[in-house]
Amino acid sequence: AKTDDSSSGSSGGGKKTITLGFSQVGSESGWRSANTTSVKDAAKAAGYNLKFSDAQQKQENQISAIRSYIAQKVDVIAFSPVVVTGWDAVLKEAKAAKIPVVLTDRSVETSDDSLYVTLVGSDFTDEGRRAARILEKVLQKAGHKGAVKIAQLEGTTGAAPAIERAKGFKEVMDAQHKDDWKIVVSQTGDFTRAGGKQVMAAFLQSNPDVNVLFAHNDDMALGAIQSIEAAGKKPGKDILIVSIDGVHDGFVAMSQGKINAIVECNPLLGPQLMEVVKQVHDGQKVERWIKTKEGDYMQDQAAAALPNRKY
Ligand code: GZL
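Residues numbered from 1 in each chain as written. Predicted model: local features only at pLDDT ≥ 70, side-chain atom pairs only at ≥ 80, totals over all residues. Heavy atoms only, no water.

Asks: Give me the environment of Thr85: which residues, what numbers.
Replies: The topology assignment puts Thr85 in the loop between β4 (76-79) and α3 (88-96). Measuring from C-alpha to C-alpha, the distance between Thr85 and Ala160 comes to 9.6 Å, with 75 residues separating the pair along the chain. Excluding its chain neighbours within four sequence positions, the residues that come into contact with Thr85 are Gln59 and Glu109. (Helix = DSSP H or I, 4+ residues; strand = E, 2+ residues; numbered from the N terminus. Contact = heavy atoms within 4.5 Å.)

Asks: Run through the UniProt feature "domain: Periplasmic binding protein" (unreviewed entry) in the protein, naming residues and quoting values.
Replies: Per the UniProt record, the feature "domain: Periplasmic binding protein" (unreviewed entry) sits at residues 22-285. For the annotated span residues 22-285, helix accounts for 46% and strand for 19% of the residues, and the straight-line distance between the end C-alpha atoms is 21 Å. (UniProt positions renumbered as here; feature names shortened; annotations may be inferred.)

Asks: Before we move on, could you go through the site of the ligand and cite the residues and values that matter?
Replies: Taken together, 13 residues lie around the ligand, and Glu28, Asp105, Arg106, Arg165 and Asp245 are the ones closest in. In the environment of the ligand, an oxygen atom lies 3.0 Å from a nitrogen or oxygen atom belonging to the side chain of Arg32. Arg165 is positioned such that a nitrogen or oxygen atom in its side chain is 2.8 Å from an oxygen atom of the ligand. In isolation the ligand exposes 320 Å². Once the protein is present, 100% of that is buried. Of all the secondary-structure elements, those providing two or more residues to the shell around the ligand are α1 (30-46) and α5 (160-176). Tallied by class, residues from the shell around the ligand come to five nonpolar, two polar and six charged. (Near = heavy atom within 4 Å. Polar contact = N/O pair within 3.5 Å; in protein donor to acceptor, adjacent residues only side chain to side chain. Areas by Shrake-Rupley, 256 points an atom, 1.4 Å probe, with all protein chains shown as cover. Nonpolar A, V, L, I, M, F, W, Y, C, P; charged D, E, K, R; others polar.)

Asks: Can you break down the sheet that holds strand β13 (residues 296-298) residue by residue, with the values?
Replies: Strand pairing in a sheet is mediated by backbone hydrogen bonds. Such pairs are either parallel or antiparallel. On the basis of which strands lie adjacent, the open sheet formed by six strands has the order β8-β7-β9-β10-β11-β13 and mixed pairing. In the strand order of this sheet, the two ends are held by β8 (181-188) and β13, each with one partner. Averaged over all adjacent pairs, the angle separating strand axes in this sheet is 15°, with direction ignored. Bridge analysis of strand β9 (residues 212-215) against strand β10 (residues 240-245) gives four bridges, and the strand direction is parallel. Looking at the pairing, Leu213 lines up with Ile241 of β10. Relative to the sheet, α5 contacts β7 (148-154), β8, β9 and β10, its axis offset from that of β8 by approximately 170°. (Pairing = 2+ DSSP bridges. Axes fitted to C-alpha atoms, helices over the stretch in contact; angles between N-to-C directions.)

Right, here's the structure in full:
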């Protein structure tokens, strides 16, 4: 794991500078890079001493980073857990050290609610529902006739966004499209472009009649587009594509007609996180889940939205 300690000078006014230990998932996607920038910029703006580590998508690296923050006696620990399970032990150590923990972006499953104070992040189940609902609009707009055969590129196995996006999508599919939609193939691409490209190539071999791709993030959709084109098919036409995140390159692909719709998942959580860190440090009560605001975009909105995109 790479760590850097970007101390941000004095906090002014003689108050003790808050030291925040942050363990980031990795740098697997455009979303993650934007999220990292947001956290670092917001910590600097807040005058906090930020200790930051990149776990390269490995849970053991996150656990050792959190342990090092406990040893350094930071004021608050924040992290985006790469997967939902396996955190109780290290979170109990943070609790024993009386260091409050704030989750950002992804959630954890835990037996003891007192092990973290709050989650600052999106509602991934709702993102899954939104993806299914916007797929209805995409199919209508494309004048699609006949069976809807869906390939699903799942996020990192065991990660909250992967579990919950699949669940939300399936909820709408089961309720509204039991007899005309079918997920014919589904596999993880680990949220990366390389993963999306590789798995989509395999999908096209095993299920050449797929006519829709639901990708849990833009990076996997962008990788998949390369494989779809290599197979001589038109992404956005022969295979309709709905993805989640709304990163810059996703919007570019949408403006080129290669992605049909994007459900936004906002990575710019930095300012909200720093606000919560202050409240938690001051012992104030905070909501258990601080949800991020985000929208949905159809292809014909992409060009106009592009210049104003912040990530
Ligand atoms: C979602 C975040 C996911 C993004 C992916 O909040 O955890 O992880 O959707 C990223 O792009 O890799």
